[in-house]
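# Descriptive analysis of the structure
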Amino acid sequence: NAGVTQTPKFQVLKTGQSMTLQCAQDMNHNSMYWYRQDPGMGLRLIYYSASEGTTDKGEVPNGYNVSRLNKREFSLRLESAAPSQTSVYFCASSDAGQGYTEAFFGQGTRLTVV
Amino acid sequence: LAKTTQPISMDSYEGQEVNITCSHNNIATNDYITWYQQFPSQGPRFIIQGYKTKVTNEVASLFIPADRKSSTLSLPRVSLSDTAVYYCLVGDSGGYQKVTFGTGTKLQVIP
């Protein structure tokens, strides 16, 4: 089992460029999440998808859009990258609503905006 | 959302038992307590989860008093590879959108 797979692992963008971060999970989980983690900080929720076909804003959604393409895939798009979006991005999935909830995280995408 | 408070950092020598306490005074009846471990440049990894009393697995133990307003993660005989950030989370089964990752506790294991 691959778990949660994120691509790419590293990316450098120029200010104003756009890009999409890809995330896929193979655990048949209903819920998927995008977080960002700035140096020395905890994770902050950008967007989440409680189930296929739904997406909602998290704590820091400005400057981002998401798409829940199907049950497996949840992408994060930066339309016009800004230096403030330099961060490590983590995708996660969980089987929410089943009582016992463990979230599985990808390895992260390290994004630098210059 | 239940707010959690945990020490920013801790140091421990190899082979010692480490206890990290988390305070969550406004925990709700349906909330579970979950601990995650994060190594540098990696995503967080689940360690243990509990609701009340004591839970033990092959990695750690979790102690939760009767009032559930705090919890203690216990790591027996730590090694250098246990150097990581440990997060205490509180939330119900409704999903992680209701859970906040704080800054965690940075554990440094010293040889």
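Overview of the structure. Values in this document were obtained by computation on a predicted structure and should not be read as measured data.

## Overview of the overall build of chain A
What chain A contains, in helices and strands, is zero helices and 11 strands. Relative to its length of 114 residues, chain A is compact, with a C-alpha radius of gyration of 13 Å against a globular reference of 13 Å. Taking the principal axes of the C-alpha coordinates as reference, chain A spans close to 40 × 25 × 25 Å. Counting over 114 residues, chain A shows a buried share of 48%. Pairs at least 24 residues apart make up 55% of the contacts formed inside chain A by residues separated by at least 6 positions. In the form shown here, chain A has an accessible surface area of approximately 5,300 Å², with 48% of it arising from carbon and sulfur atoms. Charged side chains of chain A number 10 positive and 9 negative; the gap between the two group centres comes to 8 Å.

## A word on the packing of aromatic side chains
For the structure on display, the rule yields 10 aromatic pairs over all chains. Plain terms: the ring middles of Phe105(A) and Phe101(B) are 5.9 Å apart, the flat faces sit at 90° to each other, and that makes the pair edge-to-face. Of this pair, Phe105(A) sits in strand β10 (residues 104–105) while Phe101(B) sits in the loop between β8 (84–91) and β9 (105–110), placing the two residues on different chains. One exposure class covers both Phe105(A) and Phe101(B), and it is buried. Through a chain of ring-to-ring contacts, the aromatic side chains of Tyr33(A), Tyr35(A), Phe105(A), Tyr36(B), Phe46(B), Tyr87(B) and Phe101(B) assemble into a single cluster. In this structure, Arg68(B) packs its charged tip against the face of Tyr51(B), placed 3.9 Å from the ring centre.

Conventions we followed
- All residue numbers refer to positions counted from 1 along the written sequence of the respective chain.
- Working convention: letters from A go to chains and numbers from 1 go to ligands, in the order in which they are written.
- Where local features are concerned, this predicted model is filtered to residues with pLDDT of at least 70; where side-chain atom pairs are given and counted, the filter is 80 or more; whole-chain, interface and lining totals use all residues.
- As a convention, hydrogens and water are excluded, and side-chain values are obtained from all of the structure's heavy atoms.
- A run of H or I in DSSP becomes a helix once it reaches four residues, and a run of E becomes a strand once it reaches two; helices and strands are each numbered from the N terminus.
- Our radius of gyration is a C-alpha quantity, and the globule rule it is checked against amounts to 2.2 Å times the number of residues to the power 0.38.
- To sort residues, take the accessible area from a 1.4 Å probe on protein chains only and compare it with the maximum for the residue type: under 20% means buried, over 50% means exposed, and anything in between is partly exposed.
- In what follows, residue pairs with any heavy atoms lying within 4.5 Å of each other are defined as contacts.
- All accessible areas in this document rest on Shrake-Rupley with a 1.4 Å probe, and a residue is counted as covered only by the protein chains that are shown.
- Asp and Glu count as negative and Lys and Arg as positive, but His and the ends of the chain are not part of the count.
- Taken as the charge centre is NZ of Lys, CZ of Arg, CG of Asp or CD of Glu, depending on the residue.
- Stacked, tilted and edge-to-face are the three classes applied to pairs of Phe, Tyr and Trp rings, where Trp contributes its six-membered ring and a pair requires centres within 6.5 Å; stacked means planes under 30 degrees apart, edge-to-face means over 60, and tilted covers the rest.
- Geometrically, a charge over a ring is one whose NZ (Lys) or CZ (Arg) sits within 6 Å of the ring centre while staying within 35 degrees of the ring normal.

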